[in-house]
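Coordinate inspection notes
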Amino acid sequence: MAHARHTPAPDGATGVLVLADGTVVWGKGFGAEGEAVGEVVFNTAMTGYQEVMTDPSYAAQIITFTFPHIGNVGANYEDLEADNPFALGCIVRQEVSEASNYRAVQSFDAWMKSNGRIGISGVDTRALTRRIRQRGAPNGVIAHDAAGRFDLDVLLAKAREWPGLEGMDLAKEVSCRQMFRWSGGRWQHGTGYEEAPLPQAGGAGGGPVEAGADDNQPTPAPSREREGRRPHVVAIDYGSKRNIFRNLADAGADVTVLPATSTFEEVMAHKPDGIFLSNGPGDPAATGVYAVPVIRELLDTQLPLFGICLGHQLLGLAVGAKTVKMHQGHRGANHPVKRLEDGRVEITSMNHGFAVDRATLPPNVRESHVSLFDGSNCGMELTDRPAFSVQYHPEASPGPQDSTYLFEKFVSSIGGRSS
């Protein structure tokens, strides 16, 4: 790694990463040509690169994959957490090879190109990861030009001018634009996605069943009285992953999804039996400007509430705790988390650069989970409200099913309430 003003491009270099401190990393570009500026982070997962790239929580970020063989299983139409990728690009060690998996429908290179995302291969990702761990996640610009033409001074200026994620509300940018009803269950090998027994049917892979065109007049939501005994969960979408909704449906819930900026009145108009707060990108304190007042009103209804990732952080802010920007963040599929009530260790998937400051938890909040990597807060339960949350992603499968009990716990708590 060299300084921007003293690093001529090596022969054959068609990709470059320029960090705000002047560090330049050369490589071979793949995917789309162009440039993008964001926060450079690393992810330690050995599998799931397509899910990672399409996770809305990675908005405004450039991902360094520590596993060297990214792209070897190609891309398909099932391993998506959203319709489009939200990560700006990725940095990998080995050159992306042709797909070698029976589920692949195209190469990772072609998938990245078709989705306008930039990649760089041939990078010493161990050295870059060490740099992030030692100095924190930097701002940077990733660029790809087939002719190898780069103006490093211009790229450096863009990296330095980008304000960073602190104070940035991204939930509004990645959230759904209108209410929809979810249809679709979890994936099964050999059969694909299950059809969840919702009031309205969706596609085979699961997805939104759109409401009427008039967003101000929401379609009446199902209640347990009208639709059998399936509890109705209203999920507030701050940047949600599809598999969250599949797990909620699999646990027995009907799911209606609302935009991040929905008001308390708009949420309650759907007559929810429970509330879900989704994951998402950006600074929770910035999103909390409009989200926290709504969450506080929802807590006062005594409806069961469950949050993950950004939803966990927003719940923390709503009860009076504070959130902090982490030095490097937690991103990967091998993070051990200890459940304090019984000492059980869950292997979890994580993706967050902010955390709830455990020292600021109020007396009515019991810490339920902690990271075994650094002791940071990974879960909490309110003692005076039926609400709980976790920092990690229980819909992912690194354990592989260590944390799916949380969806069952949430839906069961709704079922245990009187109609």
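Every value quoted in this text rests on a predicted model; they were computed, and no experiment measured them.

What counts and what doesn't
Residues numbered from 1 in each chain as written. Predicted model: local features only at pLDDT ≥ 70, side-chain atom pairs only at ≥ 80, totals over all residues. Heavy atoms only, no water. Core = buried A, V, L, I, M, F, W, Y, C linked by side-chain atoms within 4.5 Å. Buried < 20%, exposed > 50% of the residue type's maximum accessible area, 1.4 Å probe, protein only. Helix = DSSP H or I, 4+ residues; strand = E, 2+ residues; numbered from the N terminus. Contact = heavy atoms within 4.5 Å. UniProt positions renumbered as here; feature names shortened; annotations may be inferred. Polar contact = N/O pair within 3.5 Å; in protein donor to acceptor, adjacent residues only side chain to side chain.

On to the nonpolar core. Core analysis: the largest hydrophobic core is formed by 34 residues, its most contacted members being L17, M53, F65 and F108. No other element matches the 4 residues that strand β4 (residues 34-43) contributes to this core. In this structure F65 touches N43, Y49, V52, M53, I70, C90, I91, V92 and T125, once residues within four positions along its chain are discounted. A171, F264, Y290 and L382 belong to the second-largest nonpolar core, a separate cluster that totals 33 residues.

Before going further, it helps to examine the UniProt feature "binding site: L-glutamine" (unreviewed entry) in the protein chain. Mapped onto this numbering, the UniProt entry gives "binding site: L-glutamine" (unreviewed entry) at S57, G280, G282, L310, Q313, N351, G353 and F354. Look at the named residues: they lie 298 residues apart in sequence, but the longest C-alpha span between them is just 13.1 Å, so in the fold they bunch up. For L310, the location among the structural elements is in helix α9 (residues 310-318). In contact with L310, not counting residues within four places along its chain, are A171, Y238, S278, N279, G280, P281 and P284. Along the chain, G353 turns up in strand β18 (residues 345-356). Ignoring any residue separated from it by four or fewer positions in sequence, one finds G353 in contact with V324, K325, M326, G329 and R331.

The UniProt entry lists C309, H393 and E395 under the feature "active site" (unreviewed entry), expressed in the numbering used here. Taking the farthest pair of C-alpha atoms as the criterion, the annotated set spanning 87 residues converges on one region, since that pair is 11.4 Å apart. Relative to the helices and strands, H393 resides in the loop between β21 (387-390) and α10 (405-415). In contact with H393, not counting residues within four places along its chain, are D55, S57, K241, N279, I308, C309, S349, M350 and N351. Here the side chain of H393 touches E395 through a polar contact of 2.9 Å, side chain to side chain.

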